[in-house]
Amino acid sequence: MTFTRRFLMAASAAALGLATGAAAQDKTKVGFIYVGPVGDGGWTYEHNQGRLAVEEEFGDAVETVFVESVPEGPDAERVLTQMALNGADLIFTTSFGYMDPTINVAAKFPNVKFEHATGYKRSDNVSTYGARFYEGRAVQGHIAGSMTESNVIGYIGSYPIPEVIRGINSAYIHAKKVNPDVEFKIIWAYTWFDPAKEADAAKALIEQGADVILQHTDSTAPQAAAQEAGNVITFGQASDMAEYAPKPRVSSIIDNWAPYYIDRVRAVVDGTWESTDTWDGIGAGMVGIGEISDVVPAEVKAEALALKDEIASGAYHPFTGPLKKQDGSDWLAEGESADDGTLLGMNFYVEGISGDIPQ
Amino acid sequence: MDLTAISPTLLIASLMVAATPLLLAALGELIVERAGVLNLGVEGMMITGAICGFAISVETGSPYLGLVFAAIGGALLSLLFALLTQLVLANQVASGLALTLFGLGLSALLGQSYVGVKPPSMARLDLPGLSDLPFVGRVLFSHDPVLYFGIALTIATWAFLKFTRAGLILRAVGENHTAAHALGYKVVRVRILAILFGGACAGLGGAYISLIRVPQWTEGMTAGIGWIALALVVFASWKPLRVLLGAYLFGGLSVLQLNLQAAGLAVPVEYLAMSPYIITILVLVLMSADKSRAPASLGRIFHASS
């Protein structure tokens, strides 16, 4: 149960003394709702960095507001309605579970534009955007597979949604490629943000022999658990988590939303906004790979960077055949790469991963 | 599925760690309720203790000083509840809920500059010889001092309620405050002291999470443990040793379900995730089938004139 939801009005740049005659023009108001606190050091932190970049870019012309720690579900609908009533022109809803609330509220406010992260439902005033995190997971899997000595890699999943399953598959495929003996142990935490639970999950995985911990949850608690355990490596998730470098954190996947947010806010200011679907990866700069620390051997680092460059240039797709599904049936033929439709709805493990996806 | 991957030694060791915050908070609430006061603010006092302890130990570099101030922080917050319910006779349920809301907000405010900071770590107790024993050494003799304190506190609470005169007075106040008053006992004073003890225990439990179990600070990190502690007191029939059992059972099952998942047990995850709650309730309900009942004056407002 969380009562920490607060409505914080971000300070406008007026205090800088730059505002002189700009007040005559109506400000564009941009709202953000976050699933965790802005201080989570991961997912929400990066969305908030994007918001701050928007403020920096537009100065007085744009006002931003945000609400943090909004539970997914009916509460989100209430917060969104309030934001729209308060005159927001554009609202970014930054978690998968806000999908239906966003669609519902958008239907009631046709003049307000909505942008929903990582979802798949759109309408005339709802765009979706997401990042191809699985590209980063491929690089991560490569390093993890090369570095593990116990051949056991622990993975803390949040919810069994395509986004997370894609990450598990991508990491597994590339870990397996460099280390055929590798085994994944997966724990579903059923939360995006609960440091105590994430720490317990990491400890359970470490106790069962994992010496690499990958996480798809937002806090830095697994990093702290790995650090305490000693000989375990981790990767920053959503944010660089550099305070845990060079070990346990050996690299990271960094979300960079700022260019997209600035772009979309400009479209609203100019009146050219349209409902779109954006899914960018390493190439477009939406997904970044954090510095690979010196704990990683030089040749592994070089291979990882080469893999990153190949993905960025489009020369290599992380889901390239031959690949089979977990049940042994054929998925991709030699040289064939997965289409976006299959990836967006991914609900199966690839061959070699044990365990079932909770339904 | 590979159940051999689960090491019983490590499992027991980590269940004791997972249970300790719950145990501390529940023991504090048990004393409060035995004195006839229902304080629903456990969650708020825990999270306040968590940030007070975290902040002080980061600033001073001493985790022990942090724990002391966590207890003080929790007790200070509970003092507010004591003033409201014992002196101005406010409703206990409403005041307790308000205390939780207030504690969550206050801790978020206090903790703003401590997000992402690493606290100084607390050394495990290392008893030469004993800690090296197989199985027993890891399970019993290589924990942090707070964990032992929790067990000692359980026994002390039990002995206090059962054998001491002060414990008898506390129970008398909780059972029938009018009679206790007529006998000349200071009902309000006893209750305020009990509330302060409850606050200190909850604060300590919170700090155990932020300093030892996780260890780091994030908003709302107690994530409902305070509510579970409240429920545990009721299901444990207001008996300290049953609180210990319930806390270990709950802690054990929450750790075990993660281990079973990692070992690939073919049971749907949702069942595993709800199992700690269900089994803890079941066991404690079965045990409370004897004639134990709530303190008779629980939640009732006392005024000497009535």
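Bear in mind the structure is a predicted one, so any value in this text is a computation, not a measurement.

(A) Quick peek at the overall build of chain B. In terms of regular secondary structure, chain B is built from twelve helices and zero strands. Whereas a compact globule of 306 residues would reach a radius of gyration of roughly 19 Å, chain B reaches 20 Å, a difference of no more than 12%. C-alpha atoms of chain B, sized along the principal axes, occupy 65 × 50 × 40 Å. Each of the 306 residues in chain B was classed as buried or not, and the buried ones make up 53%. For chain B, long-range pairs separated by at least 24 residues make up 78% of all intrachain contacts whose partners lie at least 6 apart in sequence. In the form shown here, chain B has an accessible surface area of approximately 12400 Å², with 73% of it arising from carbon and sulfur atoms. Positive and negative side-chain charges of chain B, numbering 16 and 12 respectively, have mean locations separated by a distance of 16 Å.

(B) View of the interface of chain A and chain B. Tallying the contact residues gives 35 residues for chain A and 28 residues for chain B. Both sides together, the interface formed by chain A and chain B hides about 2900 Å², and carbon and sulfur atoms give 54% of it. If you look at where chain A meets chain B, you find one salt bridge. Its salt-bridge partner being B:R213, residue A:D200 comes within 2.3 Å of it at the nearest N-O pair. Taken together, the elements giving at least two residues each to the side of chain A that touches chain B come down to strand 8 (183–188), helix 6 (195–207) and helix 7 (221–229) of chain A. The dominant element in the side of chain A that touches chain B, judged by the number of residues it contributes, is helix 6 of chain A, at nine residues. Residue composition of the side of chain A that touches chain B, grouped by class: 19 nonpolar, seven polar and nine charged.

(C) Fine view of the UniProt feature "domain: ABC transporter substrate-binding protein PnrA-like" (unreviewed entry) in chain A. Here, UniProt's "domain: ABC transporter substrate-binding protein PnrA-like" (unreviewed entry) annotation points to residues 27–312 of chain A. In residues 27–312 of chain A, the share of helix is 42% and the share of strand is 22%. The end C-alpha atoms are 37 Å apart.

(D) How the structure looks around the environment of B:F163. Residues and elements named next belong to chain B. By secondary structure assignment, the location of F163 is in helix 6 (residues 145–163). The class of F163 is exposed, set by a relative accessible area of 57%. Along the sequence, F163 and Y64 sit 99 residues apart, while their C-alpha atoms lie 31 Å from each other.

(E) Quick peek at helix 6 of chain B. All names here are of chain B. Under the 1.5 Å per step criterion, the end-to-end length of helix 6 is 26 Å for 19 residues, consistent within 8% with the ideal 27 Å. When helix 6 is considered as a whole, its buried residues turn out to be V146, L147, G150, L153, T154, T157 and L161. Take helix 6 and look down its axis: the buried residues cluster within an arc of 110°, on one side only. Turned more than 90 degrees away from the buried face of helix 6, the exposed residues are K162 and F163.

(F) Main features of the domain arrangement of chain A. All names here are of chain A. Split into domains, chain A comes out as domain 1 (17–132 + 257–280) and domain 2 (134–256 + 287–344). Of note, the centres of domain 1 and domain 2, computed from C-alpha atoms alone, are 29 Å apart. Taken together, the 19 residues of domain 1 in the interface contact 24 residues of domain 2. Between domain 1 and domain 2, a total of about 1800 Å² is buried, with carbon and sulfur atoms accounting for 58% of that surface. The largest contributions to the domain 1 side of the interface with domain 2 come from E46, R132 and W279, which together make up 36% of the buried area. Scanning the region where domain 1 abuts domain 2 turns up one salt bridge. For D340, the salt bridge goes to R132, with nearest N and O atoms at 2.8 Å. Inspection of the domain 1/domain 2 interface yields six residue pairs in polar contact (both at pLDDT 80 or more).

(G) View of the packing of helix 1 (residues 8–34) of chain B against helix 6 of chain B. All names here are of chain B. Remark: helix 1 packs on helix 6, axes separated minimally by 9 Å, with the N-to-C direction vectors making an angle of 25°. Judged by the inter-axis angle, helix 1 sits roughly parallel to helix 6. Along this stretch, helix 1 crosses helix 6, giving a crossing that reads as left-handed. Taking contact as the criterion, the partners of M16, V17, T20, L23, L24, L27, L30, I31 and R34 in helix 1 are, on helix 6, V146, L147, F149, G150, I151, L153, T154, T157, F160 and L161. Of the residues in the contact of helix 1 with helix 6, the class split is 14 nonpolar, four polar and one charged.

Rules of the game
Residues numbered from 1 in each chain as written. Chains lettered and ligands numbered in written order. Predicted model: local features only at pLDDT ≥ 70, side-chain atom pairs only at ≥ 80, totals over all residues. Heavy atoms only, no water. Helix = DSSP H or I, 4+ residues; strand = E, 2+ residues; numbered from the N terminus. Rg over C-alpha atoms; globule rule 2.2 N^0.38 Å. Buried < 20%, exposed > 50% of the residue type's maximum accessible area, 1.4 Å probe, protein only. Contact = heavy atoms within 4.5 Å. Areas by Shrake-Rupley, 256 points an atom, 1.4 Å probe, with all protein chains shown as cover. Lys, Arg positive; Asp, Glu negative; His and termini not counted. Charge placed at Lys NZ, Arg CZ, Asp CG, Glu CD. Buried area = accessible area lost by both parts, 1.4 Å probe. Salt bridge = Lys/Arg side-chain N within 4 Å of Asp/Glu carboxyl O. Nonpolar A, V, L, I, M, F, W, Y, C, P; charged D, E, K, R; others polar. UniProt positions renumbered as here; feature names shortened; annotations may be inferred. Expected span 1.5 Å × (residues − 1). Arc of directions from axis to C-beta. Domains from an automatic or database assignment. Polar contact = N/O pair within 3.5 Å; in protein donor to acceptor, adjacent residues only side chain to side chain. Axes fitted to C-alpha atoms, helices over the stretch in contact; angles between N-to-C directions. Parallel < 35°, antiparallel > 145°, perpendicular 65-115°, else oblique. Left-handed = near helix turned anticlockwise from the far one by under 90°.

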